[in-house]
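# Examination of the molecular architecture
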Amino acid sequence: MQGKIRLALTKGRLEKDTVQLLEKAGLNMETIKNPQRKLILDIPGYPLEIILLKGSDVATYVEHGVADLGVVGKDVLLEKPKPVYEVADLGFGACRMAVAGETSLCPDNKKLLRIASKYPKIAREHFERKGQSVEIIEQQGSVELAPLMGLSDVIVDIVETGNTLKANGLIVLEEIVHISARLIVNKVSYKTRRIEVNALIDLLEKQVRIRREQ
Ligand SMILES: Nc1ncnc2c1ncn2[C@@H]1O[C@H](COP(=O)(O)OP(=O)(O)OP(=O)(O)O)[C@@H](O)[C@H]1O
Ligand SMILES: O=P(O)(O)OC[C@H]1O[C@H](OP(=O)(O)OP(=O)(O)O)[C@H](O)[C@@H]1O
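The sections below set out a description of the structure shown in this document.

Reading guide: rules and limits
Residues numbered from 1 in each chain as written. Chains lettered and ligands numbered in written order. Predicted model: local features only at pLDDT ≥ 70, side-chain atom pairs only at ≥ 80, totals over all residues. Heavy atoms only, no water. 1 Å grid on protein atoms, 1.4 Å probe; cavity = no way out; pocket = protein on both sides within 12 Å on 5 of 7 lines; lining within 4 Å. Points joined across faces, edges and corners; volume = space filled by probe spheres on them. Helix = DSSP H or I, 4+ residues; strand = E, 2+ residues; numbered from the N terminus. Nonpolar A, V, L, I, M, F, W, Y, C, P; charged D, E, K, R; others polar. Domains from an automatic or database assignment. Salt bridge = Lys/Arg side-chain N within 4 Å of Asp/Glu carboxyl O. Pairing = 2+ DSSP bridges. Axes fitted to C-alpha atoms, helices over the stretch in contact; angles between N-to-C directions. Core = buried A, V, L, I, M, F, W, Y, C linked by side-chain atoms within 4.5 Å. Buried < 20%, exposed > 50% of the residue type's maximum accessible area, 1.4 Å probe, protein only. Contact = heavy atoms within 4.5 Å.

The next subject is the layout of surface pockets. Its boundaries defined by the atoms lining it, the largest pocket holds a volume of some 1,200 Å³. Every residue lining the largest pocket is counted, 39 residues in all, and those nearest its centre are R13, D75, K118, Y119 and I158. Of all the secondary structure elements, the ones that give two or more residues to the lining of the largest pocket are α2 (55-63), α3 (74-79), β9 (154-159) and α6 (163-167). Its residues assigned to classes, the lining of the largest pocket comprises 12 nonpolar, 15 polar and 12 charged. Shared between two domains, the lining of the largest pocket holds at least three residues of each, these being domain 1 (5-93 + 180-213) and domain 2 (95-178).

See the structure below:
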């Protein structure tokens, strides 16, 4: 007899929308609102256990089958690809991965372009496709500072409202890819726990469809 299905959720920005989606799908998400902030949550009335992780760890847990399913940003899947099935675009967490810089700069005129980014793989592959040679300067955050400080020519980063770019005098020069939250599934669970996994996928996809049609 197999235990409960385990779903790994990304803490932080994606959390609220994920909880809302699960609630709309009929799951009792009260335990997640507990101020004690447990990282393992039982869902009353549904054979499901939820764990809370950072995005890149969500994909790792699902890859290793410790979690059967996960909710994670497409940026994470592109930057650190894992052998998991991506089964649904959940729609929320929408933003863009973009190249940004100061208005005066015309990047294509430079020979070796210096790129600051938290996403070195996405950045490198984008410029490789264009045949532009680059030096990638990996950052952990506050990426917008890099061109202002002369550390890089441009940045590759997530743009949602555009407020951070605007506040720092930067503009989008190119859009690389649309990002949103994705539902991922462990490859073995997809086969061996097909019925339970598909039931949860169907439940969530139905809510995504309803939300899209609203
Ligand atoms: N404005 C945004 N900035 C960053 N991520 C966003 C934004 N809007 C939506 N997202 C999505 O939310 C996901 C989680 O972002 P969040 O900032 O909570 O975690 P993170 O990227 O691990 O950052 P941190 O290291 O600051 O915790 C991202 O992977 C991305 O898919
Ligand atoms: O277009 P906006 O709505 O302004 O959102 C984009 C900003 O949000 C993210 O930063 P985050 O807040 O995660 O900070 P950090 O990357 O500096 O840690 C991202 O790296 C951008 O800086």
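The subject of this paragraph is the pattern of salt bridges. According to the stated counting rule, one finds 14 salt bridges in the structure shown. Among the ionic pairs, K33 bridges to E23, the shortest N-O distance being 2.5 Å. With K33 in the loop between α1 (15-24) and β2 (40-42) and E23 in helix α1, this residue pair connects regions lying 10 residues apart in the sequence. Through salt bridges with shared partners, a single network forms among K74, E86, D89 and R182.

Another aspect to go through is the sheet that holds strand β8 (residues 134-138). The sheet built from five strands is open, its strands ordered β8-β7-β9-β6-β10 with mixed pairing. Both outer strands of the open sheet, β8 and β10 (170-179), are each paired with one neighbouring strand and no more. Ignoring strand direction, the axes of neighbouring strands in this sheet form an average angle of 25°. Note: strand β7 (residues 113-117) against β8, five bridges, orientation parallel. When the bridges of β8 are listed, R114 appears paired with E135.

Here we take up the nonpolar core. Judged by nonpolar contacts, the single largest core of 29 residues is most densely connected at L7, I50, L69, L90 and L183. Looking at this core, the elements that each hand over two or more residues are β1 (5-10), α1, β3 (48-53), β4 (69-73), β11 (181-185) and α8 (194-213). With five residues, the top contributor of residues to this core is α8. In this structure L69 touches I5, R6, L7, A8, V62, L183, I184, V185, V197, L200 and I201, once residues within four positions along its chain are discounted.

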